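Per-entry structural report
Chain by chain, the residues:
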Amino acid sequence: MGKPDKIIYKSAMAMVGVGASDSIAVGDSLHHDIKGANHAGIASAFITGGIHASELGLSSFGQVADLSSVQALAAKYDAYPKYVFPAFAW
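Cut-offs and rules
- Residues numbered from 1 in each chain as written.
- Predicted model: local features only at pLDDT ≥ 70, side-chain atom pairs only at ≥ 80, totals over all residues.
- Heavy atoms only, no water.
- Helix = DSSP H or I, 4+ residues; strand = E, 2+ residues; numbered from the N terminus.
- Rg over C-alpha atoms; globule rule 2.2 N^0.38 Å.
- Buried < 20%, exposed > 50% of the residue type's maximum accessible area, 1.4 Å probe, protein only.
- Pairing = 2+ DSSP bridges.
- Right-handed = clockwise from strand over helix to strand, strands pointing away.

Remarks on the overall build of the chain
- Regarding its fold elements, the chain presents 3 helices and 3 strands.
- Starting at the N terminus and ending at the C terminus, the chain contains elements arranged as α-β-α-β-α-β.
- Relative to the 2.2 N^0.38 estimate, which gives 12 Å for 90 residues, the radius of gyration of the chain is 13 Å and therefore close to what a compact globule would have.
- Taking the principal axes of its C-alpha atoms as reference, the chain extends roughly 40 × 30 × 20 Å.

Right under this line is the structure:
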């Protein structure tokens, strides 16, 4: 059991008592994080500055990826985020 299996997301939602409409998955892996969220029916935020940065032609933290490049990469992995951000920091 692991991502992208939807059971991970469903279990997390059950643990905190929320439904899909009150959840969002944030991750840098289209195959694991975003595709898993798609399977679980929850919104997702793709962080382009993570493991796919080089595929997107990014070379520095916070650099914004070209939308057409993100769309092409999402299609390659059959994983479609609702939101796209260049970075994630606390």
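Topic: the pairing of strand β1 (residues 24-27)
- Here β1 shows one buried face, formed by A25 and G27, and one open face, formed by I24 and V26.
- Relative to strand β2 (residues 43-47), β1 runs parallel, the two being bridged by 4 bridges. Looking across to β2, one finds that A25 is bridged to S44.
- Since β1 and β2 lie parallel, the crossover through helix α2 (residues 30-40) that links them has a hand, and here it is right-handed.

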